[in-house]
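Single-letter residue listing:
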Amino acid sequence: MNTPLRLGIAGLGTVGVGVLRIVQGQAALLAARCGRPITVSAVSARSRTKDRGVDLSGLGWEDSPVALAQRDDVDVFIEVMGGHEGAARDATTAALRAGKHVVTANKALLAIHGQSLAELAEDQGVALRYEAAVAGGIPVIKALSEGLAANSMTRVLGVMNGSCNYILTRMESAGLSYQEVFNEANALGYLEADPELDVGGIDAAHKLTLLAALAFGTRVDFDGVELEGIGRVKIEDIRHAADMGYRIKLLGVAQMTEHGLEQRMAPCLVPATSPLGQLEGGTNMVVLEGNSVGQIVLRGAGAGEGPTASAVMGDVADIARGLVIPAFGQAARSLHSAPRAISTSQAPFYLRMALQDKPGALAKIAHVLGEAGVSIHRMRQYDHIDDSAPVLIVTHKTTRSALDQALAAMNATGVVTESPVALRIENV
Ligand code: NAP
Ligand code: HSE
């Protein structure tokens, strides 16, 4: 079939420009692999006059992404604007209603509206694809929905936010504080326009929910993620972790347990020698575990023009070849709503706190831990700062809910001068 597949690209930022560069620069390769040319009919962005370093001559222009989505000469609507409401949601919905395939890099949109958009796509008999939305250039959506389709998935985990991994590894290598590296990363343009999306773990949690839906046949449940960002991690935590043979990573884990679907995104200690522990800078890593395949580790660039546009164009290539599979690997209405398993799985925890340096302070902490059924594995008191004593405790395996009970009681003892930081130790 030689009919061109015609794209409309909404958004000409990092990803949109990358997509245009691939369409223009790899035209012959794409046509050969897809059996038909891939062309761009028209584009949309906020500013028509901005120089974007790519050739827009000969392309149609729409001020309105919705109008772009509805054009007769657009077969595939590429949404690379961002945001889960407004233009991204309106135009994506309009495209699907108009019977256009949609490819998006927008994890926020799908984490919030994925179910309704997937149902609409299926009703319309078109594809809704989002490889670029999770772990940038790593083809993890394709791995789960196609290559691993015959597996009962047992666990999905990984480091899915490059900015947080950059901050944590840079703190360690340069011996800098969280705030210093945060400022540096922000100045370098590494963080989202709203940095809280990155450092608050929200962006990574959006991604985790999409993987969980694919892996477990569940409806996307962003509100079901136990979420904690990296803002309270101090350079001392990174050093203490290193002393014990661990590194701190913003780790996402999704698994189906006897209590329901567990989804958590939080800074954790992982063994320094593990593949996750060795991950440097802005790189992402996703670990997939299935009953037949065992464990698969995927590693690569989680962001940036080339890797993200590569993932978008992988989806476009599938559509050009006629592949239309459900967005979440099975009919959207057959996805089930799993109960939320919050804070139920057990792990050892790392606790750092500062206590008043007076008789009985440590005993009070040991007492509240014991009352909550949390057993101490190791404990160490560091050099005093003024009249405050930094204390590090590693617990035996416990649940987060038992620990939270102990933490609340600790704060009520009156001996805690700096509220405890609690990090799960994940022996992956
Ligand atoms: P970006 O550089 O900020 O670009 C966004 C583009 O969207 C801009 O061209 C902007 O127009 C346009 N836009 C925004 N609102 C619009 C509206 N209402 N109407 C028309 N155009 C509008 O963003 P990006 O980094 O390319 O990211 C795009 C999407 O990909 C986001 O969902 C992001 O989360 C996702 N993503 C990005 C990366 C990455 O490495 N950057 C990786 C994975 C996923 P103007 O240029 O005229 O302002
Ligand atoms: N802010 C994201 C990150 C961009 O740092 O991983 C890619 O989704």
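**A look at the domain arrangement of the protein**
Many descriptions give the size of an interface as the accessible area lost when the pieces come together. Its domain assignment divides the protein into domain 1 (5-133), domain 2 (140-301) and domain 3 (346-425). The straight-line distance from the C-alpha centre of domain 1 to that of domain 2 is 27 Å. Carbon and sulfur atoms make up 59% of the area that domain 1 and domain 2 hide from each other, which totals about 1,100 Å². Considering only the surface of domain 1 that becomes buried against domain 2, K107, Y130 and E131 emerge as the three largest contributors, covering 46% of it. At the junction of domain 1 with domain 2, the criterion picks out two salt bridges. The residue D203 makes a salt bridge to K107 at a minimum N-O spacing of 3.2 Å. Where domain 1 touches domain 2, the interface holds four residue pairs in polar contact (both at pLDDT 80 or more). Broken down by element, the side of domain 1 that touches domain 2 gets its largest block of residues, seven residues, from helix 5 (residues 107-124).

**Structural notes on the state of the cysteines**
Applying the stated criterion across every chain, the model contains zero disulfides. With no disulfide of its own, C268 has C164 as its nearest cysteine by sulfur position, at a separation of 12 Å.

**What about helix 11 (residues 235-243)?**
Along helix 11, the residues classified as buried are I235, D237, I238, H240 and A241. Where the residues of helix 11 are buried, they touch helix 7 (162-174), strand 9 (246-257), strand 10 (260-271), strand 14 (349-356), strand 16 (388-395) and strand 18 (416-425). Just downstream of helix 11, G245 is the residue with a positive phi angle, here 90°.

**Quick look at the nonpolar core**
Core analysis: the biggest nonpolar cluster contains 85 residues, and V140, I167 and F328 have the highest contact counts within it. It is helix 10 (residues 202-216) that provides the largest number of residues to this core, a total of ten residues. Apart from residues no more than four positions distant in its own chain, V140 is found in contact with E131, V134, A135, L211, V286, L288 and L298. If you look at the next biggest cluster of nonpolar residues, it comprises 33 residues, including V17, V23, L30 and V76.

**What about the site of ligand 1?**
Inspection of the region around ligand 1 gives 23 residues, with L12, V15, S47, R52 and G304 positioned closest. R46 is positioned with one of its backbone polar atoms (N or O) 3.0 Å from an oxygen atom of ligand 1. One of the side-chain nitrogen or oxygen atoms of R52 is found 2.8 Å away from an oxygen atom of ligand 1. For ligand 1, whose unbound accessible area comes to 900 Å², protein coverage reaches 78%. By residue class, the composition of the shell around ligand 1 is ten nonpolar, nine polar and four charged.

Definitions and limits used
Residues numbered from 1 in each chain as written. Chains lettered and ligands numbered in written order. Predicted model: local features only at pLDDT ≥ 70, side-chain atom pairs only at ≥ 80, totals over all residues. Heavy atoms only, no water. Domains from an automatic or database assignment. Buried area = accessible area lost by both parts, 1.4 Å probe. Salt bridge = Lys/Arg side-chain N within 4 Å of Asp/Glu carboxyl O. Polar contact = N/O pair within 3.5 Å; in protein donor to acceptor, adjacent residues only side chain to side chain. Helix = DSSP H or I, 4+ residues; strand = E, 2+ residues; numbered from the N terminus. Disulfide = S-S within 2.5 Å. Buried < 20%, exposed > 50% of the residue type's maximum accessible area, 1.4 Å probe, protein only. Contact = heavy atoms within 4.5 Å. Core = buried A, V, L, I, M, F, W, Y, C linked by side-chain atoms within 4.5 Å. Near = heavy atom within 4 Å. Areas by Shrake-Rupley, 256 points an atom, 1.4 Å probe, with all protein chains shown as cover. Nonpolar A, V, L, I, M, F, W, Y, C, P; charged D, E, K, R; others polar.

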